[in-house]
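# Summary of the model geometry
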Amino acid sequence: MAKIIVITSGKGGVGKTTTSAAFATGLALRGYKTVVIDFDVGLRNLDIVLGCERRVVYDFVNVINEEANISQALIKDKRVQNLFILPASQTRDKDALNRDGVERVLNELKKEFDYIVCDSPAGIETGAIMAMYFADHAIVVTNPEVSSVRDSDRMLGILSSKTRRAELGQEPITEQLLLTRYSPTRVENGEMLSVEDVNDILAIPLLGVIPESKAVLRASNTGVPVILDEKSDAGIAYADAVGRFLGEEIPMRFVSVQKRSFLKRIFKSKQGEPA
């Protein structure tokens, strides 16, 4: 039976779509047949991050309205064999999503896929509620800043009260935290919250810490999920997070300032750079 994962947050701009693309790609690379759905109707960024925007013919709303079938709307990724994308519509509004239609589409996808990753819009509007309603697992994405963490705390309340599992009195959605744009140096300087600070506030298991990295912007601009950049800190951190999600015991990286070795400090000093 397919597992439905929602990538959510209370605040916009924290890296949900980057995370959805990276996470779905990571699961597919591990051999799991994975589809990632863009619930952000009216904006539609997932297809750009995955580099398939020119291949969109039909979208999620077309399938809900039975204007196209799922096989017509799904886009197969050209780089990763087991990855498929169901894009959002740019011409409809959020109210184009309805619970019965979303459930029907998800039930059809469950027959074919191991994982269904739902890329949620920020906040608590229709698209976000629809993305989380049928979820089995929630990855809450937050930045290490007070407003982002506070909004994520609000989303945890909604996950525990406004989902199908909550309404039916079933086992709660599994919740995990992904901390993005983290800089240990800025934490040391008192410019952002530490991992411990965020954990104390949200009190859910930490899935991963994604460091601040230019590789994330570069990946978005080139339409290549950052997890495919195996040399970047961010790519490595996302791969680690996918491994932890699958039950592997992987030490948490990128949470402390990396001290330069004595030889590196000497080398930088000779080049005229501060040691």
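The following refers to the structure shown.

## Regarding the sheet that holds strand E1 (residues 3–8)
Read across the sheet, 8 strands follow the order E3-E4-E2-E5-E1-E6-E7-E8 without closing on themselves; strand pairing throughout is mixed. Every other strand in the sheet has two partners, leaving strand E3 (75–76) and strand E8 (206–211) as the edge strands with one partner each. Of the pairings in the sheet, the one linking E3 to strand E4 (residues 83–86) comprises 2 bridges and is antiparallel in character. The residue bridging Ile75 from the neighbouring strand is Ile85, located in E4.

## Points about the pairing of strand E5 (residues 115–119)
Consecutive side chains along a regular strand alternate between the two faces of the sheet. Most of E5 sits inside the fold, with 5 of its 5 residues counted as buried. Side-chain alternation along E5 places Tyr115, Val117 and Asp119 on one buried face and Ile116 and Cys118 on a second face that is also buried. With 5 bridges connecting them, E1 and E5 associate as parallel partners. When the sheet's bridge partners are listed, Ile5 is paired in E5 with Val117. Relative to E5, strand E2 (residues 34–38) runs parallel, the two being bridged by 5 bridges.

Conventions and cut-offs
- Residues numbered from 1 in each chain as written.
- Predicted model: local features only at pLDDT ≥ 70, side-chain atom pairs only at ≥ 80, totals over all residues.
- Heavy atoms only, no water.
- Pairing = 2+ DSSP bridges.
- Helix = DSSP H or I, 4+ residues; strand = E, 2+ residues; numbered from the N terminus.
- Buried < 20%, exposed > 50% of the residue type's maximum accessible area, 1.4 Å probe, protein only.

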